[in-house]
Amino acid sequence: QVQLVESGGGLVQAGGSLRLSCAASGRTFSSYAMGWFRQAPGKEREFVAALTWSGGNTYYSNSVKGRFTISRDNVKNTVYLQMNSLKPEDTAVYYCAVSLSRIPVIPSYSDYWGQGTQVTVSS
């Protein structure tokens, strides 16, 4: 069992920055790939970013590439999402996910989810 708790969401103006954190517990965090997804009202949950257990390989959706950075600290059992140059279309609930066997680049590859944190970008 893995527990994930996200934090760091909030309200920010367009062009601003936020850093999301996801604290993991319950299993050997450092063994698994992690990812971030988001879901806006009325839309399906979409992939944002993911990284391998070591953090050596990262993956991004085209919509955030060059603006967001995913990273992890396996000592602190935490994965981060640094979000820069935020746009109103980035407004969504952001979810942290872990995959026990794959890279979580689609929702069905994810085995555990956090409760989500709201990010709102005003224009």
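What this report covers is the structure whose coordinates are included nearby. Remember, it's a predicted structure, so these values are computed and weren't measured experimentally.

A closer look at unusual backbone geometry
The phi torsion at Asn-77 lies on the positive side, around 55°, for a residue other than glycine. Looking at the element boundaries, Asn-77 is found in the loop between strand 7 (68-73) and strand 8 (78-83). Since its relative accessible area comes to 27%, Asn-77 is described here as partly exposed. If you check the backbone angles, Ser-85 has positive phi at about 50° while not being a glycine. Tracing the backbone through its elements, the reader meets Ser-85 in the loop between strand 8 and strand 9 (92-99). Relative accessible area serves as the criterion here: at 41%, Ser-85 is assigned to the partly exposed category.

Concerning the pairing of strand 8
Of all six residues making up strand 8, five are buried, and the element is well covered by its neighbours. Bridge count between strand 3 (residues 18-25) and strand 8: six bridges; the pairing is antiparallel. Within strand 8, the residue paired with Arg-19 across the bridge is Gln-82. Sheet topology note: the strand 7/strand 8 ladder contains six bridges and is antiparallel. Its bridge partner being in strand 8, Asp-73 is matched across the sheet by Thr-78. Where strand 7 hands over to strand 8, the hairpin turn is made up of four residues, of which Asn-77 adopts a positive phi near 55°.

Conventions used here
Residues numbered from 1 in each chain as written. Predicted model: local features only at pLDDT ≥ 70, side-chain atom pairs only at ≥ 80, totals over all residues. Heavy atoms only, no water. Helix = DSSP H or I, 4+ residues; strand = E, 2+ residues; numbered from the N terminus. Buried < 20%, exposed > 50% of the residue type's maximum accessible area, 1.4 Å probe, protein only. Pairing = 2+ DSSP bridges.

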